[in-house]
2 protein chains.
Amino acid sequence: MTGRLTVVGLGPGTADLTTPAVIKALAEATDLIGYITYLDRAPAGPPGQRRHASDNRVELDRARHALALAAEGHNVVVVSGGDPGVFAMAAAVFEAVESGDAAWRALDIRIEPGVTAMLAAAAEVGAPLGGDFCAISLSDNLKSWTTIERRLKAAAEGDFVIALYNPASRARPDQLGKALEYVRAFKAPDTPVVFVRAAGTPDAKVRIQELGSADAAGVDMRTLVLIGSSLTRKIERPDALPWIYTLRSEREPS
Amino acid sequence: MTGRLTVVGLGPGTADLTTPAVIKALAEATDLIGYITYLDRAPAGPPGQRRHASDNRVELDRARHALALAAEGHNVVVVSGGDPGVFAMAAAVFEAVESGDAAWRALDIRIEPGVTAMLAAAAEVGAPLGGDFCAISLSDNLKSWTTIERRLKAAAEGDFVIALYNPASRARPDQLGKALEYVRAFKAPDTPVVFVRAAGTPDAKVRIQELGSADAAGVDMRTLVLIGSSLTRKIERPDALPWIYTLRSEREPS
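Given the structure is predicted, the values throughout are model-derived calculations rather than measurements.

1. Looking at the pairing of strand E4 (residues 75-80) of chain A
All names here are of chain A.
Okay, so step 1: Within E4, six of the six residues are buried, which leaves it mostly tucked inside the rest of the structure.
Okay, so step 2: The side-chain alternation of E4 yields two buried faces, one formed by Asn75, Val77 and Val79 and the other by Val76, Val78 and Ser80.
Okay, so step 3: As paired strands, strand E1 (residues 4-9) and E4 are joined by six bridges and run parallel to one another. Directly across from Val8, in E4, lies its bridge partner Val79.

Right under this line is the structure:
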């Protein structure tokens, strides 16, 4: 088969965070497939490039469509935001490969990494991911709330910094509030909690609270939430939000 | 103060994974500071740009040097590989700010995110980070082995995929072997373990083993190690290494 399937991540928002490797893959593609919000961010392609926009909810169908087009010999790019391997399309593509036509296993499939949301969110406030950290999706479309609590508990017991993806949606407005309440049993009330909306864009909005009084109001799917570890610190600044960072060391800075 | 300090991440290896925002920051800098390996990867700057190469071991001194130059009015860029906020220079810069001259808190400090190693390593083999995951540095320069074991245990109990940074060095050749042995108590012996050296470069080398028999031989500081969760799967392919990916869902693919 001569077709190719590349799964790319555009990064967290603006074009200056999209890698040249992703731009090149988009420019060579005969077919782009993705959620319409992401397709709209892809630069104009060569004449004849086809764009297959789809609803965000049908990831596995979209993956199968992409694989079928590649198997026909097209050069297909599946477009994600952020990094395609982090709560995005790459895993759905491999699920579709595993359960699909055996011939799909011989396809030339490539993944082009990108800047995932937690990195851009961290960069907006300092270096909160400076120590060991976890990334957890709060979406319970694909896993149970029991599993989410198990992960939150383990992350707190390990004293990890926690990055929460997909913290809320119209269908699940209370998810983040429940998660914050659950984590309060395990972490100190003065643990910094950072909410970053639209990280990596000129519209980025940052809110910094302490875990004891952190509230989930105003949080949506474009928000990334970071909960500190015991080594996460706040540096007050004149006329600006404080810097938040996590000590690399268990010892105090010298 | 008119100086500026920007901490950038070049990404995992080749220029096609460096963001345009980072390239722009490098091009505007009067002074670059970093480990010589990273400075050598930065494109040639404007006439008069100064490059301050340093040994990799003195991160806090390097951070203070950068802050002092910025406080004098220079446009300083601190250069990291990968993402600057993940086991790299950004946290050291904020440590230096917190413990340093109060005037440094008024400096214009920016962090430019990058593609961190685990994303490029994951992309080499499929989508192993498709579920919730943790990142742990095995370097014990800055934390105790007790803390490392605490984190490994929590990550395993939470059934996270685990990304291990800094898995070994000449000073600590046995660290990864100890970590794998420790994790065996908590995860199934057939859990996929992926070793990716020089991820995101044409020299990338991948080794896939099972946890029960995984061995740390040949692993160095350029290697990223990924240990699967209970939902991490292997897709055999003709004439190629298998794909490794983690199910997004607790249910089997349909």
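There's plenty left to go through after this.
2. Regarding the pattern of salt bridges
All names here are of chain A.
Okay, so step 1: Scanning all chains against the criterion turns up 33 salt bridges over all chains.
Okay, so step 2: A salt bridge links Asp61 to Arg64; the shortest N-O distance between them is 3.8 Å. Of this pair, Asp61 and Arg64 both sit in helix H3 (residues 59-71), three residues apart, which is roughly one turn of that helix.
Okay, so step 3: The exposure class assigned to Arg64 is partly exposed, which follows from its relative accessible area of 26%.
Okay, so step 4: As a salt-bridge pair, Asp215 and Arg207 come within 3.7 Å of each other at their nearest N and O atoms.
Okay, so step 5: Members of the salt-bridge network, linked through shared partners, are Arg4, Lys24, Glu28, Asp108 and Arg110.

3. Looking at the domain arrangement of chain A
Residues and elements named next belong to chain A.
Okay, so step 1: Under the domain assignment used here, chain A contains domain 1 (4-115) and domain 2 (118-246).
Okay, so step 2: The C-alpha-based centres of domain 1 and domain 2 are spaced at 28 Å.
Okay, so step 3: Residue-level contacts link seven residues of domain 1 with 11 residues of domain 2.
Okay, so step 4: Between domain 1 and domain 2 the total buried area reaches about 620 Å² when both faces are included, carbon and sulfur atoms providing 75% of it.
Okay, so step 5: Between domain 1 and domain 2 we count zero salt bridges in total.
Okay, so step 6: Between domain 1 and domain 2 we count one residue pair in polar contact (both at pLDDT 80 or more) in total.
Okay, so step 7: The residue inventory of the side of domain 1 that touches domain 2, partitioned by class, reads five nonpolar, two polar and no charged.

4. Some details on the environment of Gly34 of chain A
Residue and element names in this part refer to chain A.
Okay, so step 1: Locating Gly34 in the fold gives a position in strand E2 (residues 31-35).
Okay, so step 2: The spacing of Gly34 and Arg62 is 28 residues in sequence and 7.4 Å in space, taken between C-alpha atoms.
Okay, so step 3: If we ignore the near neighbours within four places in the chain, the residues touching Gly34 are Leu39, His52, Ala53, Ser54, Arg62 and Val79.

5. Some points on the interface of chain A and chain B
Okay, so step 1: Contacts between chain A and chain B engage 77 residues on the former and 77 residues on the latter.
Okay, so step 2: Interface of chain A and chain B: buried area, both sides summed, is about 6400 Å²; carbon and sulfur atoms make up 58% of it.
Okay, so step 3: Looking only at chain A, the three residues that lose the most surface to chain B are Asp132, Leu142 and Arg248 of chain A, adding up to 12% of its buried area.
Okay, so step 4: In this assembly, chain A and chain B are joined by 12 salt bridges.
Okay, so step 5: Residue Asp132 of chain B is joined to Lys143 of chain A by a salt bridge in which the shortest nitrogen-to-oxygen separation is 2.5 Å.
Okay, so step 6: If you tally residues by element for the side of chain A that touches chain B, the top one is helix H4 (residues 89-99) of chain A, at eight residues.
Okay, so step 7: Grouping the constituent residues of the side of chain A that touches chain B by class yields 39 nonpolar, 17 polar and 21 charged.

6. Things to note about the relation of the copies chain A and chain B
Okay, so step 1: Of the transformation placing chain A onto chain B, the axial shift is 0.0 Å and the rotation is 180°, giving an RMSD of 0.0 Å. As the rotation angle and translation indicate, the two copies are arranged about a two-fold axis. Rotation axis and chain A: the residue whose C-alpha lies nearest the axis is Cys134 of chain A, separated from it by 2.0 Å.
Okay, so step 2: Most of the interface of chain A is mirrored in chain B, where 100% of its interface residues are also at the interface.

Rules of the game
- Residues numbered from 1 in each chain as written.
- Chains lettered and ligands numbered in written order.
- Predicted model: local features only at pLDDT ≥ 70, side-chain atom pairs only at ≥ 80, totals over all residues.
- Heavy atoms only, no water.
- Buried < 20%, exposed > 50% of the residue type's maximum accessible area, 1.4 Å probe, protein only.
- Helix = DSSP H or I, 4+ residues; strand = E, 2+ residues; numbered from the N terminus.
- Pairing = 2+ DSSP bridges.
- Salt bridge = Lys/Arg side-chain N within 4 Å of Asp/Glu carboxyl O.
- Domains from an automatic or database assignment.
- Contact = heavy atoms within 4.5 Å.
- Buried area = accessible area lost by both parts, 1.4 Å probe.
- Polar contact = N/O pair within 3.5 Å; in protein donor to acceptor, adjacent residues only side chain to side chain.
- Nonpolar A, V, L, I, M, F, W, Y, C, P; charged D, E, K, R; others polar.
- Least-squares fit on C-alpha atoms with pLDDT ≥ 70 in both.

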